[in-house]
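For reference, the chains in residue letters:
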Amino acid sequence: MRLALAESGQLGHGYVGDEHVLLGLLAEQASRASSLLRAHGLDLASARAELQRLSAAGLMPRSRADDAGALRAVGIDVEAVRERLVAAFGDQAVGAAVWRASRRPWWRGGGRRRTPLCGPPFFAKRAMYLAGCYAESRDAAAVTPEHLLHGVLRDLDDPYGAQLGRRGRKHLTQLGWAIGPVNPASALLQAHDVDTIRLRSELDRMS
């Protein structure tokens, strides 16, 4: 997942989705999930290029607001601030402080809970949940890259954002995000003629 976050940052997408998880799996070449994706014709360089093409065509999720960019314009590097806070207090303490601040009634009343310190929006949450469920069904001690790939493939069964309720969609709007007309992860796999049914079957046999 650290590799997925790095890939999203490198592409300048500003969020982490299933498509970035796929890139992270490809970047972590030691896993069986990475080998399986490459065996199906998907490699990191061409996957990055396809997402760049989708982004240029306006088909990726996009944000109308760039708070971090606005702060950079006045000389404040939010990521550098966050790194210094984490170095001083630890990642969990910083995360807990940001969460407590976002839950304050006066903040909620303003309609925007998220700050640049929260990090990029995480759109791959359902894939992570499905990966955890799959690992549990296999009596696995931990979630592996193979389970994570299975979670991403399961998540593609539904249209992008289909699992967002009314509150979730309202929250995305408040944050300035708009979901594109296609699922980038699904489009990425289709562009490389990846047979997702066969891929899931092979993952099942691995487990």
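Above this text is the structure in question.
How each quantity is defined
Residues numbered from 1 in each chain as written. Predicted model: local features only at pLDDT ≥ 70, side-chain atom pairs only at ≥ 80, totals over all residues. Heavy atoms only, no water. Helix = DSSP H or I, 4+ residues; strand = E, 2+ residues; numbered from the N terminus. Buried < 20%, exposed > 50% of the residue type's maximum accessible area, 1.4 Å probe, protein only. Contact = heavy atoms within 4.5 Å. Expected span 1.5 Å × (residues − 1). Arc of directions from axis to C-beta. Polar contact = N/O pair within 3.5 Å; in protein donor to acceptor, adjacent residues only side chain to side chain. Core = buried A, V, L, I, M, F, W, Y, C linked by side-chain atoms within 4.5 Å. Axes fitted to C-alpha atoms, helices over the stretch in contact; angles between N-to-C directions. Parallel < 35°, antiparallel > 145°, perpendicular 65-115°, else oblique. Left-handed = near helix turned anticlockwise from the far one by under 90°. Nonpolar A, V, L, I, M, F, W, Y, C, P; charged D, E, K, R; others polar. Salt bridge = Lys/Arg side-chain N within 4 Å of Asp/Glu carboxyl O.

Mapped onto the secondary structure, His-13 falls in the loop between helix 1 (2-11) and helix 2 (18-27). Take His-13: its relative accessible area is 9%, and that puts it in the buried class. Those residues in contact with His-13, other than ones at most four positions away along the chain, are Ser-8, His-20, Leu-51, Ser-55, Met-60 and Trp-177.

For the rest of this paragraph, the subject is helix 6 (residues 78-89). Compared with the 16 Å implied by 1.5 Å per residue over twelve residues, the 16 Å span of helix 6 between its first and last C-alpha is a close match. Just past helix 6, the residue Gly-90 takes up positive phi, approximately 95 degrees.

Moving on, we get to helix 13 (residues 196-206). Taken together, the buried positions of helix 13 are Leu-199, Glu-202 and Leu-203. Along the long axis of helix 13, the arc covered by the buried residues comes to 105 degrees, so they all point the same way. Facing away from the buried side of helix 13, by more than 90 degrees, are the exposed residues Ile-197, Arg-198 and Arg-205. Capping the start of helix 13, Asp-195 holds a side-chain oxygen 3.2 Å from the backbone nitrogen of Ile-197, two or three residues further along.

It is worth spelling out the environment of Leu-5 at this point. Considering the arrangement of structural elements, one finds Leu-5 in helix 1. In sequence terms Leu-5 and Val-21 are 16 residues apart; their C-alpha atoms lie 8.1 Å from each other. Leaving out residues up to four positions away in the same chain, Leu-5 has contacts with Val-16 and Pro-120.

A few words now on the nonpolar core. Nonpolar side chains tend to gather and get buried jointly when the protein is soluble and globular. One finds Leu-22, Leu-37 and Leu-149 to be the most contacted residues of the largest nonpolar core, which totals 35 residues. Looking at this core, the elements that each hand over two or more residues are helix 1, helix 2, helix 3 (32-39), helix 4 (44-56), helix 9 (125-137), helix 10 (145-155), helix 12 (184-191) and helix 13. Excluding residues that lie within four positions of it along the chain, Leu-149 makes contacts with Leu-22, Leu-25, Ala-33, Leu-37 and Leu-203.

Right, let's get into the packing of helix 1 against helix 2. Two elements in contact, helix 1 and helix 2, have axes separated by 7 Å at closest approach and are oriented at 115 degrees. In terms of axis orientation, helix 1 runs roughly perpendicular to helix 2. The chirality of how helix 1 crosses helix 2 is right-handed. Side by side, helix 1 and helix 2 meet where Leu-3, Ala-4, Glu-7, Ser-8 and Leu-11 of the first sit next to His-20, Val-21, Leu-23, Gly-24 and Ala-27 of the second. The class makeup of the residues in the contact of helix 1 with helix 2 is six nonpolar, three polar and one charged.

In this section: the pattern of salt bridges. Counted by the stated rule, this structure contains five salt bridges. For Arg-53, the salt bridge identified is with Glu-50, shortest N-O distance 2.8 Å. One end of the pair, Arg-53, and the other, Glu-50, are both in helix 4, three residues apart, so they sit about a helical turn from each other. By relative accessible area, which is 47% here, Arg-53 ends up partly exposed.

Let us look at the packing of helix 2 against helix 4. Two elements in contact, helix 2 and helix 4, have axes separated by 9 Å at closest approach and are oriented at 160 degrees. In this view, helix 2 runs roughly antiparallel relative to helix 4, as classed from their interaxial angle. For helix 2 against helix 4, the interelement crossing comes out left-handed. Along its contact with helix 2, which presents Glu-19, Leu-23, Leu-26 and Ala-27, the element helix 4 presents Leu-44, Ala-47, Arg-48 and Leu-51. Residues of the contact of helix 2 with helix 4, tallied by class, amount to six nonpolar, no polar and two charged.

Limitation: the analysis is restricted to geometry and does not speak to function.
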